[in-house]
Amino acid sequence: MDDDSTRDRVRALVREVLSKAIPAEDEKDRSAIGSSPAPTRFVNTVPAASAQSTVTRDESSKSVITEDDVRGLEPGSVLRIAESARLTPLASDIVSEKHIEIVRRSPRRGSKTSRLVAVGADHGGFPMKEELKSFLEELGHRVHDFGTNSEEAVDYPDFAHAVAAAVAEGRSDLGIIIDGAGVGSAITANKVPGVRAAACYSVNVARNSREHNDANVLTLGSKTISSAEMREIVGAWLATEITEDRHRKRVAKIEAIERQYQR
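*Asks:* Quick one: what's the story with the overall build of the protein, residue by residue and with numbers?
*Replies:* What the protein contains, in helices and strands, is 11 helices and 10 strands. With 263 residues in all, the protein has 40% of them scored as buried. The long-range fraction of contacts in the protein, counting pairs at least 24 apart against all pairs at least 6 apart in sequence, stands at 58%. For the protein, the accessible area works out to roughly 15300 Å², and carbon and sulfur atoms hold 50% of it.

As structure tokens, this is what we get:
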């Protein structure tokens, strides 16, 4: 068999193979075989089902997931968030509407995660607030101080509201407020949607408020506890996370009740 005949058979074989591998609209590419090198092609070997899988977004560094974090997700997406993270009401609505799957990342025990803690106090809680700030920094946390800045008489709702709003809006991870008894600030903070404030007077109550209620704001009474007790309560509160589904289910019911009364 001469060389010309061999080349013709090879070309015919190549055309037959390409006719099965190249789409019809690329006919013009096949016509060029023999006169110029065939263009390089990449074959997608990923199954169609895998190629269309939803992209997972990781927001596990945040303690509050807002509508901005979920609005751009496609329906059926998977969103990974922190174990103790909470969703704002609007974010929850978007997640439900788009059937977004939430995957919670379990925290590591003994984690030294640094948080941004909003703090505030009235005139009665000012001295203890200053001690609190130093203690939080010793623990490796960052502090956003909303005042007050002296023992001159002020109204506790103003400062409780400022701290609560910072937590609800995601500008701070957690909040701690100090007034004379801790009750008035808790009542005020709990008027802000998304806030779960707990007035705590012991280490056990502090742990319970986090583990069972996922409290994100702690209120303290400077006239009811000592500086040493404050440090113990705050340390326990920050070190505790909600971990069990039965508790999360009950917190979800609290949030559902809250949404019923929102305009």
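*Asks:* Describe the side chain of Asp69, and please don't skip the residues or the numbers.
*Replies:* Its place among the elements puts Asp69 in helix H4 (residues 67-70). In terms of polar contacts, Asp69 uses its side chain to reach the backbone amide nitrogen of Thr66, at 3.0 Å. Residue contacts for Asp69: discarding those within four places in its chain leaves Arg57, Glu59, Lys62 and Val64.

*Asks:* Talk me through the environment of Arg115; I want residue IDs and the actual numbers.
*Replies:* Here Arg115 lies in the loop between strand S5 (101-105) and strand S6 (116-121). For Arg115, a relative accessible area of 15% translates into the label buried. Arg115 sits 25 residues away from Gly140 along the chain, and the two C-alpha atoms are 8.0 Å apart. Look past the residues within four positions of Arg115 in its chain and what remains in contact with it is His141, Arg142, Asp173, Leu174, Arg210, Leu238 and Glu241.

The rules behind each value
Residues numbered from 1 in each chain as written. Predicted model: local features only at pLDDT ≥ 70, side-chain atom pairs only at ≥ 80, totals over all residues. Heavy atoms only, no water. Helix = DSSP H or I, 4+ residues; strand = E, 2+ residues; numbered from the N terminus. Buried < 20%, exposed > 50% of the residue type's maximum accessible area, 1.4 Å probe, protein only. Contact = heavy atoms within 4.5 Å. Areas by Shrake-Rupley, 256 points an atom, 1.4 Å probe, with all protein chains shown as cover. Polar contact = N/O pair within 3.5 Å; in protein donor to acceptor, adjacent residues only side chain to side chain.

The quantities given are spatial measurements derived from coordinates; they are silent on function.
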